[in-house]
Amino acid sequence: MFSGFLQKRYDELFDEATIKGLSKPLLQAIRVNTQKIPERELVRRLSKKGVSLLKIPWLSCGYFVKKAPFSMGATPEYLLGHYFIQDPASQYACEALGPKKGEMVLDMAAAPGGKTTYLAQILKESGAVVSLDINKDRMKALTSNIERMGLSNVVTIRMNALDAGSLGIKFDRVLLDAPCTGTGTVHKNPEAAKKKASDVSNCTALQKPLLEAGLTVLKKGGTLVYSTCSVLPEENEQIVSGALKRGFGLKNIEHGAPALNDMKGAKRFYPSVHGTQGFFVAKIQR
Ligand SMILES: C[S@@+](CC[C@H](N)C(=O)[O-])C[C@H]1O[C@@H](n2cnc3c(N)ncnc32)[C@H](O)[C@@H]1O
């Protein structure tokens with residue numbers, strides 16, 4: 001199932017149930033767009049059509065889809081932007097960043113926009129989310145998702161986030177949902193099971209300077225969330241520990257399993273435990 005490199009690494013890091021869980025199918029999850037529809041009203045409308053939803057207790061407006069008689073990406077409610085299909089751990093990264101009304105938020109690697117649209121929703125039409133991505137095709141998905149969700153407080157810029165300093169803006173909050181090997185997404189992307197050591201080093205070579213660039217544009221007292229959908233410590237704890245060595249602190253993340261390498265405060269999510277993709281979240285304070 002896994003490449004020789006991943007199997008060896010997983011045997012060193014995880015128990016059997018955790019490794020098995022990495023490839024098992026997961027329930028789909030949605031996030032209600034409370035800017036467009038009250039939560040209760042959407043639940044009522046979808047239940048009438050036979051969709052069975054289960055509220056996720058550790059999220060503010062997230063639901064597991066237990067049963068749906070049709071594709072959740074092909075309903076009028078979906079097309080009207082009443083909800084976003086989004087993994088619970090991805091939703092949680094935005095809640096952990098915790099933007100407050102009126103703040104300036106930077107999303108450094110934003111496409112296709114799952115997190116940008118949630119950050120803008122949390123800001124409730126106030127402040128602004130500046131959303132960067134380097135990939136032209138993925139930018140199209142980002143802008144169409146922002147439009148579908150009906151959000152007016154987002155600016156999108158196609159650029160290399162390593163150059164975020166050239167924007168000349170200091171941000172209250174920064175999200176770096178870093179490009180990664182995606183080893184936590186094997187349940188929907190079997191290719192991610194084939195990753196080799198060289199794939200990991202290619203990712204870490206970008207993750208380190210991206211985190212540097214994000215910390216540079218963060219206001220004093222500001223907060224940066226670093227997240228990935230990889231379960232490898234090389235792309236997570238080891239990247240964040242670089243910032244800690246330079247004097248930055250970690251704020252505690254409430255939900256999730258403890259991070260590896262004795263890193264206090266950062267959290268991990270596993271399919272076998274949380275019913276989410278494999279995911280890592282750390283909250284860095286400037
Ligand atoms: C994990 S995905 C982001 C998913 C997104 N945050 C969401 O929730 O929908 C990583 C993104 O990083 C982008 N990316 C890779 N290198 C980049 C760079 N140097 N600057 C900006 N974006 C980059 C990729 O195009 C990709 O869209």
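See the structure above.
Reference entry: report on the structure contained in this document. (Residues numbered from 1 in each chain as written. Predicted model: local features only at pLDDT ≥ 70, side-chain atom pairs only at ≥ 80, totals over all residues. Heavy atoms only, no water.)

## Some thoughts on the sheet that holds strand S2 (residues 52–55)
Item 1. Strand order in the open sheet formed by four strands is S2-S3-S1-S4, and the pairing between neighbours is antiparallel. Each edge of the sheet is formed by a strand with only one pairing partner; in this case those strands are S2 and strand S4 (83–85). Neighbour-to-neighbour, the strand axes of this sheet turn through a mean angle of 35 degrees, independent of strand direction.
Item 2. Its contacts with the sheet place helix H6 (residues 114–123) against strand S1 (28–32) and S4, and it is angled at close to 30 degrees to S1. (Pairing = 2+ DSSP bridges. Helix = DSSP H or I, 4+ residues; strand = E, 2+ residues; numbered from the N terminus. Axes fitted to C-alpha atoms, helices over the stretch in contact; angles between N-to-C directions. Contact = heavy atoms within 4.5 Å.)

## Comments concerning the packing of helix H8 (residues 197–216) against helix H9 (residues 237–245)
Item 1. At their nearest, the axes of H8 and H9 sit 10 Å apart, and the two run at 40 degrees to each other. In the packing of H8 onto H9, the handedness of the crossing is right-handed. Of the residues in H9, those touching H8 at Thr204, Gln207, Lys208, Leu211 and Leu215 are Ile239, Val240 and Ala243.
Item 2. Each residue belonging to the contact of H8 with H9 can be placed in one class, and the counts come to five nonpolar, two polar and one charged. (Left-handed = near helix turned anticlockwise from the far one by under 90°. Nonpolar A, V, L, I, M, F, W, Y, C, P; charged D, E, K, R; others polar.)

## A look at the side chain of Thr185
Item 1. Here Thr185 shows up in the loop between strand S8 (171–177) and H8.
Item 2. Thr185 gets classed as buried once you look at its relative accessible area, which sits at 6%.
Item 3. Leave out the neighbours within four places in its chain, and Thr185 touches Ala192, Cys229 and Gln277. (Buried < 20%, exposed > 50% of the residue type's maximum accessible area, 1.4 Å probe, protein only.)

## Here's the deal with H8
Item 1. Taking 1.5 Å per residue, 20 residues should reach 28 Å; H8 reaches 29 Å between its end C-alpha atoms and fits that length.
Item 2. Looking only at H8, the buried set comprises Val200, Cys203, Thr204, Gln207, Leu210, Leu211, Ala213, Gly214 and Leu215.
Item 3. On its buried side, H8 packs onto helix H1 (4–13), S8, strand S9 (218–228), H9 and strand S13 (279–285). (Expected span 1.5 Å × (residues − 1).)

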